[in-house]
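Understanding the architecture of this molecule
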Amino acid sequence: MKGSQAAPPAAAVRLLVACVAEHERDSVIGDLTEEFADRQDAGYRGNRAWFWRETFLFAGASLLYALARVAPASLWRMTMTSLTQSFRRLRHEWRFTASVVLILSVGIGPAAAMLSVVDKVLLRPLNYRDSDHLAMMRIDLGQLAGHPGLSPGEVIAIREANIFESIETETRLNEVSYDVSGRLTSLTILNVTSGMLPMLGVTPALGRNFTEAEIPNFGRSQPGQPPPPPPIQPVMLDYLAWQQHFGGDPSAIGRVITLNSGQFQIIGVLPDDFRLVTGRAVPRRVDVYGAIRLQRQLNAWQFPTLARLKKGSTFEDTQKRLDAFAAGMKKDHPDVYDGRLRYTVSPVLEDMTKATRPALRAAIVGVLLLLVIALANAAALVVARLKTRDLDFAIRSALGAGRSALLTEVMSEALLLGVGGALIGSVLAIACIGGIREVIPRTVPRWEQIGVSWNLVAYAVALAITGLVALGLIPVWRMSRGHAWNALRSGSAQGGKAEGTTSRLILVGAQVALTVALAFGSVQLARSAFELRRVNLGFDPNVATFRVPPDFRKFGNRKDLPLLYQRIRDRVRQVPGVTAVGIVTHLPLSGSTMMDGYTADLTKEVSFDQSANYQAVTPGYFDALHIPIIQGRDITDREDAENQNVIVVDETLAKTAFPGKQSVIGQTLKLGWGLPNAQIVGVVGHAKTIEVGRVVRPQIYAPIGNLFQSWAIVTVRSAGDPMQLKDQVVAAIDEVGPGRAVSNIAPLTDNVNAATSALVAVTGLVAFLAISAGLLSAVGLYLVIAHVVYQRRRATAIRVALGAPQLELMWRHTRTSALVMMAAVPIGIVMAVALAPMFAEITYGVGKRDTGSMILAVAVALTAGLLGTMLPVIRAGRMNIVSILRGD
Amino acid sequence: MTHEPLGELEQMVLLAIVRLGRDSYGTPIVDELRRHTRRTILRPSVYLALKRLEAKGLIRSRMGEPEARRGGRARRHFEPTTAAMKTLRESQRTMNSLWSGVVLSTDKKKA
């Protein structure tokens, strides 16, 4: 049996034995062991972590249960009294309290926020029935690897091969116009096979799921017969779409609606929290779900496919069966599969989070490091304070105070400090989550669900309190074993030589080094964000954009479409205030592009060795976006109307395809996308369409009638803010009558902001971490120096009394700090250099090892160190020598 | 017999045991609850509820045979007592009676 090969962690089992009552052990430990074996057999990952988590839950529950049963009322009373006294003491020593609370919150906040993100994105199971057995399918096909779409014929064949319990698929997201008595609204629609929702275990909030029988077959008309009337198709509504467009009215079920002039009947409403995952990054919302029937077509790999494993089979078994299946397919259909063919299967959650996992792990390491440092500093502060109370404890101990009373006091103080740190830390966590949401691209799965996981905040708080209590107990323990008597005997609270100074210095050194590395990263990012604002985009984004999908029943003809767009341009130009109008298929920085090869050598085949971004445009587009025409001219209305084989290229393409040529006007290019060879009539400046920071690919602009797309985007420039004219522009487009709803009305500046906002947010986050690390290292140094100053105070007082100059005394104290800095700063620089490639990937316009940034980073760390050093030294200079020498 | 009040989780655990029949021990009970609820069900809280139900005399348990797959430990099977069935029937009758004629308006969430 596979499950018996790996046993659950022995240490966890021992912990369970220790904390679960004897008569329950067989039941609890046996159940957990059995489920562990089941999970192993089913091919789950992270089973040991799962077992540990369950163990901790049991340990915590047992502890609470035992406490609630055995703690007598007197103990509760004592605890409450102790808490009240501690609260008063902490309020009195508010500077100390504020420092510890602040340090803890700086550690807890980012850690809780980052752990929450990891929990929501990577760990939490998907909201589907038995989601661990749901698989995402991908295909390796020739050069293509890990493609998320299978062909419908393949889905049918896999279904027939009985490899899965069920296998279902979906189409890509489309836009449709919803017609309410002549008023058009744009909705997004996704078609799924009828078994998709039952496979995911989704029960509609209202109505019912699709049935295979009700999905219509679109019959073809017989020769000489009129085409049959299009059948009414079933659709289900997304919950939000039902609320927004149907007022949440239950009677919407059964209603027949018009979408793109087709008739659809609403049969159900999906639950509020339902989202369909796909292998593609589909950040957009789905309004309507339709149903499709699969056809046996093998060469259309565009259907993201999900499957549910058979009961008892693992991902490994299934993969083996799929490999055998692929071999059969290759043999049966050599015409379709002439290269590599492999179907891969992996858990849906793993597939979704593959790209995000490494970055999130790195971030977790960073914030946990910060948490540990914060905890160490806070504990050092608590311990240092307890040491100053040696005498107090010793006297109380001498007067008969038991060890438990002192322990309760330390614990209640730690508890209050921990709770204080947790409260402020939680506020910080909420703020950090806001920042992290901006940093993480919206394409990351479950982005919209990212929020604070309160159970993780609780874990971080529990860790902080436990750490504080544990470290706080050490001096109390030592005192209770006789150290306190030394304090009494010595007549002062000076306990002897500087204990633990070396380990603290190492800790502070690590903090200084971390400050250098993080400060370097944040300076690099900040400079990059500044550089990006100055970058030349190659176009002026101050235009409003309107998506227009024409009704192809009316404008399906290649000749009709340019005429429709020409009429739209002419009409919109008449809107008062409009200065330029152009139409394009793919907006710059929209994340949507058309890429294919091209070649200037007309004897060669077009391949991806030389590729470009293709865009379909109408005359006036370059004028509307202020893209400069460098050579030649724009496409003319006539060339556009007659679909002539002309193109405009950007300067990058002109240089790449025709190196050394002064003018490329009149040259011919062989093109991709099924376009005929075309003559270059103009060269324009390069517009940054993929990334703000760099030229990704050259650009080819073809007349819109040649490069057929099911939508077009009207770009409108005006004398003032173009968005103020949006109602008039929509009315003008509607007047021409493309037959579909105008949608996605937005300024193009939105795209530019979206492209740069992630960098701005990353900068904010890293800067926050750098400032936190700087603050912590300053506090760390302060604590060490203050500790040293305190321990040397008698010697210092004697020197001052004997007339030693103040400056020499200051240097004696500062020397330790200077040594730490000298050792730590180079280590920090090495760390920064090691991290530099990571930052280089997301920065723009700054060198990988920029000296300026490095100097600034070192300066930040030194300033933090200087602050931490000078404050206690200055305080030492103001010591009351007489009272110290008296032994107060 | 006096009816001790049943907490929500206790009632759910009891129902899960009734639904599972002979196959009701820790893990299937937790799974059954997780399948039917939309909230997080922590395993220790279910075991505590089982302990309370047993103390109230609403369930009884018997130990099975030790199994290698369970690390040589036995399963603890639970079954409802007659008192439990009576309590559940009473609870069902009360709830049905209270629900009869109640129509909740649809919860309209704003986007």
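Residues numbered from 1 in each chain as written. Chains lettered and ligands numbered in written order. Predicted model: local features only at pLDDT ≥ 70, side-chain atom pairs only at ≥ 80, totals over all residues. Heavy atoms only, no water.

Another point: the overall build of chain B. Along the backbone of chain B there are 4 helices and 2 strands. Seen in sequence order, chain B has helices and strands lined up from the N terminus as α-α-α-β-β-α. Scored against the burial criterion, the 111 residues of chain B give a buried share of 38%. When contacts within chain B are restricted to residue pairs at least 6 apart in sequence, long-range pairs at least 24 apart make up 50% of them. Looking at chain B as shown, the accessible area adds up to about 7000 Å², and 53% of this sits on carbon and sulfur atoms. (Helix = DSSP H or I, 4+ residues; strand = E, 2+ residues; numbered from the N terminus. Buried < 20%, exposed > 50% of the residue type's maximum accessible area, 1.4 Å probe, protein only. Contact = heavy atoms within 4.5 Å. Areas by Shrake-Rupley, 256 points an atom, 1.4 Å probe, with all protein chains shown as cover.)

Looking only at helices and strands, one finds 26 helices and 24 strands in chain A. Burial status across chain A gives 51% buried among its 888 residues. In chain A, once contacts between residues fewer than 6 apart in sequence are set aside, the share between residues at least 24 apart is 80%. Summed over its atoms, the accessible surface of chain A is roughly 41000 Å², and 59% of this surface lies on carbon and sulfur atoms.

The next point concerns the side chain of Thr-171 of chain A. On the secondary structure map, Thr-171 of chain A appears in the loop between strand 4 (166-169) and strand 5 (174-180). With residues up to four places along the chain from it excluded, the contact list for Thr-171 of chain A reads Leu-190, Asn-191, Ile-292 and Phe-303 of chain A.

Residues and elements named next belong to chain A. Across the 5 residues that make up strand 22 (residues 699-703), a large majority, 5, are buried. Pairing between strand 17 (residues 611-617) and strand 22: 5 bridges, direction parallel. For Ala-616, the partnering residue across the bridge sits in strand 22 and is Ala-702. In this sheet, strand 22 lies alongside strand 19 (residues 646-650) in antiparallel orientation, the contact comprising 2 bridges. Within the sheet, the bridge partner assigned to Val-648 lies in strand 22 and is Tyr-701. (Pairing = 2+ DSSP bridges.)

Turning our attention to helix 6 (residues 152-160) of chain A. All names here are of chain A. By the criterion of burial, helix 6 is predominantly enclosed, with 7 of the 9 residues buried. The complete set of buried residues in helix 6 reads Pro-152, Gly-153, Glu-154, Val-155, Ile-156, Ala-157 and Ile-158. Positive backbone phi, approximately 60°, marks Asn-162, located one or two places after helix 6.

Residues and elements named next belong to chain A. All buried positions along helix 1 (residues 10-19) are accounted for by Ala-12, Val-13 and Leu-16. Taken around the axis of helix 1, the buried residues stretch over an arc of 100°, which confines them to a single face. Seen from the open side of helix 1, the exposed residues pointing more than 90 degrees away from its buried face are Arg-14 and Ala-18. (Arc of directions from axis to C-beta.)

Let's shift gears to the interface of chain A and chain B. With 36 residues of chain A at the interface, the matching set in chain B holds 24 residues. Summed over both partners, the interface of chain A with chain B buries about 2600 Å², with 51% contributed by carbon and sulfur atoms. Area buried by chain A at its contact with chain B is led by Asp-26, Asp-31 and Glu-34 of chain A, which between them contribute 22% of it. Run the count over chain A and chain B and you get 9 salt bridges. Contributing elements (two or more residues each) for the side of chain A that touches chain B: helix 2 (22-41), helix 3 (47-70) and helix 8 (239-246) of chain A. Element by element, the count of residues in the side of chain A that touches chain B is highest for helix 2 of chain A, at 16 residues. When grouped by side-chain class, the residues that make up the side of chain A that touches chain B number 16 nonpolar, 8 polar and 12 charged. (Buried area = accessible area lost by both parts, 1.4 Å probe. Salt bridge = Lys/Arg side-chain N within 4 Å of Asp/Glu carboxyl O. Nonpolar A, V, L, I, M, F, W, Y, C, P; charged D, E, K, R; others polar.)

Residue and element names in this part refer to chain A. Applying the stated criterion across every chain yields a total of 13 aromatic pairs over all chains. Relative to Tyr-343, the ring of Phe-325 lies with its centre 5.7 Å away and its plane at 50°, an arrangement referred to as tilted. Here the residue Phe-325 occupies a position in helix 9 (residues 315-332), and Tyr-343 occupies one in strand 13 (residues 341-347), the gap between them amounting to 18 residues. Residue classification places Phe-325 among the buried residues on the basis of a relative accessible area of 12%. Ring pairing ties together the aromatic residues Phe-36, Trp-50 and Phe-51, which thus form one cluster. (Phe/Tyr/Trp six-rings, centres within 6.5 Å; stacked < 30°, edge-to-face > 60°.)

Here we take up the nonpolar core. Residue and element names in this part refer to chain A. Within the largest apolar cluster, 55 residues are counted, with the highest numbers of intra-cluster contacts made by Val-100, Leu-104, Leu-417 and Leu-468. Contributions of two or more residues to this core are made by helix 5 (94-123), helix 11 (357-388), helix 13 (403-439), helix 14 (454-490), helix 15 (501-533) and helix 22 (749-791). In this structure, Leu-468 is in contact with Leu-104, Ala-378, Ala-379, Val-382, Ala-414, Leu-417 and Gly-418, ignoring residues within four places of it in sequence. The next biggest cluster of nonpolar side chains, apart from the first, holds 45 residues, and it includes Ile-583, Ala-616, Val-683 and Ile-733. (Core = buried A, V, L, I, M, F, W, Y, C linked by side-chain atoms within 4.5 Å.)

On to the environment of Leu-371 of chain A. Residues and elements named next belong to chain A. Structurally, the position occupied by Leu-371 is in helix 11. For Leu-371, a relative accessible area of 6% gives the class buried. Taking the C-alpha atoms as reference points, Leu-371 and Leu-463, separated by 92 residues in sequence, lie 9.6 Å from one another. If we skip the residues at most four places from it in the chain, Leu-371 touches Gly-107, Ile-108, Ala-111 and Leu-463.

It is worth spelling out the pattern of salt bridges at this point. Side chains that carry opposite charge are capable of pairing whenever their charged atoms lie near each other. Counted by the stated rule, this structure contains 35 salt bridges over all chains. With a closest N to O distance of 3.4 Å, Glu-90 of chain B and Arg-93 of chain B form a salt bridge. Of the two residues, Glu-90 of chain B and Arg-93 of chain B are both situated in helix 4 (residues 82-99); the distance of 3 residues between them amounts to about one turn of the helix. You can call Glu-90 of chain B partly exposed: its relative accessible area is 40%. Here the salt bridges do not stand alone but share partners, grouping Asp-31 and Glu-34 of chain A together with Glu-67, Arg-70 and Arg-75 of chain B into one network.

Residues and elements named next belong to chain A. Examined against the element boundaries, Gly-632 turns out to sit in strand 18 (residues 629-632). With a relative accessible area of 53%, Gly-632 lands in the exposed category. Sequence-wise, Gly-632 and Ser-663 are 31 residues apart; in three dimensions their C-alpha atoms are separated by 8.9 Å. Beyond its immediate stretch of four places on either side in the chain, Gly-632 contacts Ile-665, Val-681 and Gly-682.

Attention shifts here to the confidence of the model for chain B. On average, residues of chain B carry a pLDDT of 85, and 90% of them reach 70 or more. In the predicted assembly, ipTM is 0.89 and pTM is 0.58. (pLDDT = per-residue confidence, 0-100.)

Residue and element names in this part refer to chain A. For the pair helix 6 and helix 9, the least separation of the axes is 11 Å and the interaxial angle reads 125°. As far as their axial angle goes, helix 9 and helix 6 are oblique. The handedness of the crossing between helix 6 and helix 9 is right-handed. The residues of helix 9 that touch helix 6, namely those facing Glu-154, Ala-157 and Ile-158, are Leu-322, Phe-325 and Met-329. (Axes fitted to C-alpha atoms, helices over the stretch in contact; angles between N-to-C directions. Parallel < 35°, antiparallel > 145°, perpendicular 65-115°, else oblique. Left-handed = near helix turned anticlockwise from the far one by under 90°.)

So, on to the confidence of the model for chain A. Counting all residues, the mean pLDDT for chain A is 80, and 84% of those residues have values of 70 or more. Contacts for the low-pLDDT stretch residues 490-498 of chain A, under 50 throughout, to residues beyond four places or in other chains number 11 contacts.

Turning our attention to a nonpolar patch on the surface. All names here are of chain B. A cluster of nonpolar side chains, namely Met-95, Leu-98, Trp-99, Val-102 and Leu-104, defines an oily patch on the protein surface of about 540 Å² accessible area. With respect to the helices and strands, Val-102 occurs in the segment after helix 4. The class for Val-102 is partly exposed, based on a relative accessible area of 40%. (Patch = residues over 30% accessible without salt bridge, like charges linked within 9 Å, V, L, I, M, F, W, Y side chains within 5 Å.)

At a minimum axis separation of 12 Å, helix 2 of chain A and helix 3 (residues 43-55) of chain B run at an interaxial angle of 145°. Classified by chirality, the crossing of helix 3 of chain B by helix 2 of chain A is right-handed. Residues Glu-24, Ser-27, Val-28, Asp-31, Leu-32 and Glu-35 of chain A of helix 2 of chain A touch helix 3 of chain B, and the partners they reach there are Arg-43, Tyr-47 and Lys-51 of chain B. Here the contact of helix 2 of chain A with helix 3 of chain B is composed, by residue class, of 3 nonpolar, 1 polar and 5 charged.

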